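Residues per chain are reported as follows:
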Amino acid sequence: MKLDILVMAAHPDDAELGCAGTICMQIAQGKKVGIVDFTRGELGTRGTPEIRLAESAEATRILGVHARENLGFRDGFFVNDEEHLMKLIRVIRRYQPEIVLANAINDRHPDHIKGCELAVDACFKSGLRMVETLEDDGTAQQAWRPKNVYHYIQDRYINPDFVVDISAYWQQKEDSIRAFRSQFYDPNSKDPDSYLSSPAFLKFVEARNREMGHSIGAEFGEGYTSYKKIGVTDLFHLK
């Protein structure tokens, strides 16, 4: 299946927290969107890898994405090396996305930074025809380089290069986040407290999206950065 957008995420809930509103908006506009999670989040303080995979399946249903894979990289220990790059390049060539949305360029969690670097490197090398990869059936894959890679903003505030109005999709985004119920505030949970499980965390997520939306005159927004300059062909498409 060819996708219009492929979201890359270090952990199973990164896509939901970082860019679920954009995902929902693009799907509503008829685009095909997929997600590739790098790890199962097995080092998380709360829940288990099995629970998080089940929660990911529910979030996938809520978002309505067309494809989702988990590469099974080691949470906390994956690196940007040939082995990891080749696995990600195979995914890029399989789905041939025009746009990739990837982890933040700088963040509290080191995996997010590594995920960003791995995504950028893989997207470039995927376009090199001398890098050879095969599908599961042994068929040779064709080189493919996404036209653009954008980075969603996560825990740390980063001044965005552009903001997407997600006002119409905030509730769907919030529902997809709350699908990961093991990770967030639950007064009945017996798991240890964590950074994400504070009652204030989801309020922070809402506040961040409100702040981004406010910056463009909308109720909710998601901010993105880009390593390359963004060009426009029609000034009337700018909000």
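Structure's up top.
These remarks concern the structure in this document. (Residues numbered from 1 in each chain as written. Predicted model: local features only at pLDDT ≥ 70, side-chain atom pairs only at ≥ 80, totals over all residues. Heavy atoms only, no water.)

1. Describing a nonpolar patch on the surface
A cluster of nonpolar residues, Val232, Leu235, Phe236 and Leu238, forms a patch on the protein surface that exposes about 500 Å² of accessible area. Inspection of the secondary structure assignment puts Val232 in the segment after strand S7 (221-225). A relative accessible area of 48% places Val232 in the partly exposed class. (Patch = residues over 30% accessible without salt bridge, like charges linked within 9 Å, V, L, I, M, F, W, Y side chains within 5 Å. Areas by Shrake-Rupley, 256 points an atom, 1.4 Å probe, with all protein chains shown as cover. Salt bridge = Lys/Arg side-chain N within 4 Å of Asp/Glu carboxyl O. Helix = DSSP H or I, 4+ residues; strand = E, 2+ residues; numbered from the N terminus. Buried < 20%, exposed > 50% of the residue type's maximum accessible area, 1.4 Å probe, protein only.)

2. Some thoughts on the state of the cysteines
Chemically, a disulfide is nothing more than a covalent bond linking the sulfur atoms of two cysteines. Summed over all chains, the structure comprises zero disulfides. Cysteine Cys116 remains unbridged, with the sulfur of Cys123 as its closest cysteine sulfur at 10 Å. (Disulfide = S-S within 2.5 Å.)

3. So, the sheet that holds strand S5 (residues 148-152)
Spatial strand order, S3-S2-S1-S4-S5-S7-S6: seven strands in an open sheet with mixed pairing. The open sheet has two edge strands, strand S3 (67-73) and strand S6 (162-165), and neither has a second partner. For this sheet, the mean inter-axis angle between neighbouring strands, taken without regard to orientation, is 25°. Relative to strand S4 (residues 99-102), strand S1 (residues 5-9) is paired through three bridges, and the arrangement is parallel. Within S4, the residue paired with Ile5 across the bridge is Ile99. Helix H1 (residues 14-28) rests against S1, strand S2 (33-39), S3, S4, S5, S6 and S7 of the sheet, and its axis sits at about 105° to S7. Where helix H3 (residues 82-95) meets the sheet, it contacts S1, S2 and S3, and its direction lies at approximately 170° from that of S3. (Pairing = 2+ DSSP bridges. Axes fitted to C-alpha atoms, helices over the stretch in contact; angles between N-to-C directions. Contact = heavy atoms within 4.5 Å.)

4. Some remarks on helix H2 (residues 49-63)
In this model, H2 (15 residues) spans 21 Å end to end at C-alpha, consistent with the 21 Å of a helix rising 1.5 Å per residue. The complete set of buried residues in H2 reads Pro49, Arg52, Glu55, Ser56, Ala59, Thr60, Ile62 and Leu63. Relative to the axis of H2, the buried residues are bounded by an arc of 155° and lie together on one face. Of the residues in H2, the exposed ones pointing more than 90 degrees away from the buried face are Glu50 and Arg61. Those residues of H2 that are buried lie in contact with H1, S2, S3 and helix H5 (170-178). Just downstream of H2 lies Gly64, where phi reads positive at about 75°. (Expected span 1.5 Å × (residues − 1). Arc of directions from axis to C-beta.)

5. Topic: the packing of aromatic side chains
A ring pair, where both rings are aromatic, is described by two values, the distance of the centres and the angle of the planes. One pass over the structure, following the stated rule, counts nine aromatic pairs. Ring centres of Phe38 and Phe78 lie 6.0 Å apart, and the angle between their planes is 80°; on these two criteria the pair is classed as edge-to-face. One end of the pair, Phe38, is in strand S2; the other, Phe78, is in the loop between S3 and H3, with 40 residues separating them in the sequence. The exposure class of Phe38 is buried, given its relative accessible area of 0%. Pairing Tyr150 with Phe162 gives two aromatic rings, centres 5.1 Å apart and planes at 80°, and the pair type is edge-to-face. Of this pair, Tyr150 sits in strand S5 while Phe162 sits in strand S6; the two residues are twelve residues apart in sequence, bridging distant segments of the chain. The exposure class of Tyr150 is buried, given its relative accessible area of 13%. Owing to a relative accessible area of 25%, Phe162 belongs among the partly exposed residues under this scheme. Chaining the aromatic ring pairs together yields one cluster made of Phe184, Tyr195, Phe201 and Phe204. A cation over an aromatic ring shows up here: Lys114 above the ring of Phe78, its NZ or CZ 4.8 Å from the ring centre. (Phe/Tyr/Trp six-rings, centres within 6.5 Å; stacked < 30°, edge-to-face > 60°. Lys NZ or Arg CZ within 6 Å of the ring centre and 35° of its normal.)

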